[in-house]
Amino acid sequence: MHTDVNALFSALWQDYIEMTPSAAKIQQLLGKGEAIINDHIALRTFDIDKVNLDVLAEHFLTLGYVACGDYKFEAKKLTAKHFEHPDPTQPKVFISELNVSAFSDELQNIIKSLVEQVNVEATKAENFIYSGRHWKLDHNTYQTLLAESEYAAWVAAFGYRANHFTVSINHLPGYENILEVNQALKDGDFVLNSAGGEVKGSKEVLLEQSSTMADKVMVKFDDAQVEIPSCFYEFAIRYPKADGEIYTGFVAASADKIFESTNVKT
Ligand code: OOG
Ligand code: NI
């Protein structure tokens, strides 16, 4: 496990921009060459003991992160938690896990056979959170998973790495609101996720979010190389609660739509 939070995020970012070439371009566009503060990153996994949410979370708990919020996504059959660092300029971490037992026997058997190939030691290694896929996967199996769960197919294809980084608009000079950010992205020919509208959430729920649709990258399956959606970039602006403190949680109804940024079709 990492002992330095900055080193962990820098390794995550390097892996992420390899998977998401548009993210490096967007960082340049919005940050105008200056460093950008990230609101959060997100990770995905399966709820099987060897690789579940808690196994991923351990890599952040040892760095001083604290569990803060619980979320449930009934239709997508997902559970999630978010974690915060005592230093509020460190990214929050949103980790979700697929409730594997809620799916067909076929999907359950596939996921179990993937997770069986993971070495327990590897899940504790310093690089686990950005180590990618730990199993063999052919394109047919990917398609079988995709038919039942876009999320299951994504984790099977990409494994362990940041699914997205999120620009904190609160800390982004030159932009007053999320609409200005979205406009700059569209002017730059980046494609936004419009599921549930381009802006998810509102000032009333204390969080507004938008995201790009995931880049498409060539993935090596055992039997073929195929272009599939990889990772996306998110943008978030947070508002103060009645007590004047900035809201630090997530909004399940908005998150439900953000998950769809890696869908093959929208
Ligand atoms: C996570 C989706 C939820 C948010 O900010 O609400 C999310 C995912 O796509 O893995 O990131
Ligand atoms: Ni997010």
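All figures in this text were calculated on a predicted structure; none of them were measured in a lab. (Residues numbered from 1 in each chain as written. Chains lettered and ligands numbered in written order. Predicted model: local features only at pLDDT ≥ 70, side-chain atom pairs only at ≥ 80, totals over all residues.)

Novice: Can you help me understand the nonpolar core in this one?
Specialist: Grouped together as the largest cluster of nonpolar side chains are 65 residues, with contacts concentrated most on L12, I129, A152, V155, A156 and A162. Not counting the four nearest positions on each side in its chain, A152 is found in contact with L98, L107, I111 and L145. (Core = buried A, V, L, I, M, F, W, Y, C linked by C-beta atoms within 7 Å. Buried ≥ 20, exposed ≤ 12 C-beta atoms within 10 Å, placed from the backbone. Contact = placed C-beta atoms within 7 Å.)

Novice: Where do I start with the site of ligand 1 in this structure?
Specialist: By nearness alone, every residue bordering ligand 1 is listed as A42, R44, F94, S96, N163, Q209, E234, F250, S254, A255, I258 and F259. Looking at the shell around ligand 1 residue by residue, the class counts come to six nonpolar, four polar and two charged. (Near = placed C-beta within 6 Å. Nonpolar A, V, L, I, M, F, W, Y, C, P; charged D, E, K, R; others polar.)

Novice: Which parts of the structure should I look at to understand the sheet that holds strand β10 (residues 232-238)?
Specialist: Two strands in a sheet stick together by hydrogen bonds in their backbones, pointing the same way (parallel) or opposite ways (antiparallel). Reading across from one edge, β2-β3-β4-β1-β5-β10-β7-β6 is the order of the eight strands in this open sheet, with mixed pairing throughout. Whereas interior strands pair on both sides, the edge strands pair on one side only; in this sheet they are β2 (66-73) and β6 (200-202). Neighbour to neighbour, the strand axes of the sheet diverge by 20 degrees on average, direction disregarded. The sheet contact formed by β2 and strand β3 (residues 78-84) spans seven bridges and is antiparallel. Bridging across to β3, F73 finds its partner in L78. Helix-sheet contacts for helix α3 (residues 53-61) involve β1 (38-46), β3 and β4 (92-98), and the interaxial angle to β4 is about 165 degrees. (Pairing = 2+ DSSP bridges. Helix = DSSP H or I, 4+ residues; strand = E, 2+ residues; numbered from the N terminus. Axes fitted to C-alpha atoms, helices over the stretch in contact; angles between N-to-C directions.)

Novice: What's the story with unusual backbone geometry in this structure? I'm lost.
Specialist: Residues other than glycine predominantly adopt negative phi, and peptide bonds predominantly adopt the trans conformation. The residue K77 is not glycine, and still its phi comes out positive at about 60 degrees. Mapped onto the elements, K77 comes out in the loop between β2 and β3. A count of 19 C-beta atoms within 10 Å places K77 in the partly exposed class. The phi angle at D189 is positive, at roughly 70 degrees, despite the residue not being glycine. Residue position: D189 is located in the loop between α8 (178-187) and β6. For D189, a count of 8 C-beta atoms within 10 Å translates into the label exposed.

Novice: Any chance you could explain the pairing of β1 here in plain terms?
Specialist: Remark: a regular strand shows side chains that alternate across the two faces of the sheet. In terms of residue burial, β1 counts as a mostly covered element, since nine of its nine residues are buried. Bridge count between β1 and strand β5 (residues 164-168): four bridges; the pairing is antiparallel. The partner of H40 across the bridge, within β5, is T166. Inspection of the sheet shows β1 paired to β4 by seven bridges, in the parallel sense. Considered in β4, the bridge of F46 is made with L98.

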